[in-house]
Amino acid sequence: MPTRIRRAEPSDVGALALTGAATFLESFAGILDGRDIVEHCRLQHAPSVYADWLADDAVAAWLAETVSPPAPVGYAVIAPPKLPLDDLSETDLELKRIYLLSRFHGGGVGRELMNHAIAESRARGARRLLLGVYSGNARALAFYARNGFVKVGERRFQVGGNIYDDDVLALDLRA
């Protein structure tokens, strides 16, 4: 199914929130506690979260959507990092989110979203593009490895009432 990727706009807040919640549920149902997923999505994928990001010049976001009829299927967001690393640089950026509905996996849309995030990070002069990923998410870890990311740390990530282990990965943008 043909898709396009474009820079997200303030009018896309609802599409970003819905896609974020849908992809989080799709990715983690049966892995994380269902109540925790619902609460996490209520808080972390609220339209206000995306509205705040889109109002911030330090943040960039892209929306992947089907062409005809247009419907959101994924997105990516980069922002200044909030990760527990001792060697954070002022020029580092974080890939806060990159999500894609599973029926669009394997068609190059995820790679295109990643390319937008990497190109924007380089254009902003970032030294590294960082991200946190659930350490049990083998598919995501393989995707990031194919895109040149390597593990540089760990963090604890709370979803609802439970704490999970995340890997912190980095892509050296100077290479």
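Residues numbered from 1 in each chain as written. Predicted model: local features only at pLDDT ≥ 70, side-chain atom pairs only at ≥ 80, totals over all residues. Heavy atoms only, no water.

## Section: helix H5 (residues 138-146)
Point 1. Along H5, the residues classified as buried are Ala140, Phe143 and Tyr144. An end-on view of H5 places all buried positions within 95° of arc, on one side of the element. Exposed and facing more than 90 degrees away from the buried side of H5 are Ala138 and Arg146.
Point 2. In the core, the buried residues of H5 are packed alongside strand S4 (93-100), helix H4 (109-123), strand S5 (128-134) and strand S7 (162-172).
Point 3. Glycine 148, located one to two residues past H5, shows a positive phi value of around 95°. (Buried < 20%, exposed > 50% of the residue type's maximum accessible area, 1.4 Å probe, protein only. Helix = DSSP H or I, 4+ residues; strand = E, 2+ residues; numbered from the N terminus. Arc of directions from axis to C-beta. Contact = heavy atoms within 4.5 Å.)

## Observations concerning the packing of helix H1 (residues 13-28) against helix H2 (residues 34-44)
Point 1. In contact at an axis separation of 10 Å, H1 and H2 are set at 160° when each is read in the N-to-C sense. It follows that H1 is roughly antiparallel to H2 by the angle criterion. Crossing of H1 against H2: the hand is right-handed. In contact with Ala21, Phe24, Leu25 and Phe28 of H1, H2 contributes Ile37, His40 and Cys41.
Point 2. Grouping the amino acids of the contact of H1 with H2 by side-chain chemistry returns six nonpolar, one polar and no charged. (Axes fitted to C-alpha atoms, helices over the stretch in contact; angles between N-to-C directions. Parallel < 35°, antiparallel > 145°, perpendicular 65-115°, else oblique. Left-handed = near helix turned anticlockwise from the far one by under 90°. Nonpolar A, V, L, I, M, F, W, Y, C, P; charged D, E, K, R; others polar.)

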